[in-house]
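# Structural description and commentary
Spelled out from the first residue to the last, the chains are:
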Amino acid sequence: MQLNLATNDDLICQNCVHCTDAVDSCAKYLRKPGAVLYGGDCKYYTGK
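Given the structure is predicted, the values throughout are model-derived calculations rather than measurements.

## Points about the state of the cysteines
This structure, assessed with the given rule, holds zero disulfides. Here C19 is not cross-linked by a disulfide; its sulfur's nearest cysteine counterpart is in C13, at 5.8 Å. Judged by its relative accessible area of 25%, C19 is partly exposed. A disulfide-free cysteine, C42 has its sulfur positioned 6.1 Å from the sulfur of C26, the nearest such atom.

## Observations concerning the nonpolar core
If you look at soluble globular proteins, the nonpolar side chains tend to sit buried side by side. Within the largest apolar cluster, six residues are counted, these being L11, C13, C26, Y29, V36 and C42. In contact with L11, not counting residues within four places along its chain, are V23, K32, V36, L37 and G39.

## Details of the environment of Q14
The residue Q14 is located in the segment before α1 (34-37) in this model. In this structure, the C-alpha to C-alpha distance between Q14 and Y45, residues 31 residues apart in sequence, is 10.0 Å. Residues within four places of Q14 in sequence aside, it is in contact with N8 and D9.

## Structural notes on the environment of C16
One can find C16 in the segment before α1. Judged by relative accessible area, which is 6%, C16 ranks as buried. A sequence separation of 30 residues divides C16 from T46, and the C-alpha atoms of the two residues are 5.2 Å apart. Setting aside anything within four residues of it in sequence, one finds C16 in contact with Y44, Y45, T46 and K48.

## Quick look at the pattern of salt bridges
If you walk through the whole model with that rule in mind, you get one salt bridge. With its nearest N and O atoms 2.0 Å apart, the salt bridge here joins D24 to R31. When its relative accessible area of 28% is taken as the criterion, D24 is described as partly exposed. Since its relative accessible area comes to 58%, R31 is described here as exposed.

Reading the values: the criteria
Residues numbered from 1 in each chain as written. Predicted model: local features only at pLDDT ≥ 70, side-chain atom pairs only at ≥ 80, totals over all residues. Heavy atoms only, no water. Disulfide = S-S within 2.5 Å. Buried < 20%, exposed > 50% of the residue type's maximum accessible area, 1.4 Å probe, protein only. Core = buried A, V, L, I, M, F, W, Y, C linked by side-chain atoms within 4.5 Å. Contact = heavy atoms within 4.5 Å. Helix = DSSP H or I, 4+ residues; strand = E, 2+ residues; numbered from the N terminus. Salt bridge = Lys/Arg side-chain N within 4 Å of Asp/Glu carboxyl O.

See below:
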């Protein structure tokens, strides 16, 4: 079994104004919620 790490390109975060280079944090979250990291929606999402 092979696990691939997620990138911001895999998440809703890819075109959010709060997005940073870190996959697990952003300008709104010190640590993104699991729901976001597993591909769900984010209450702070604001498109660029």
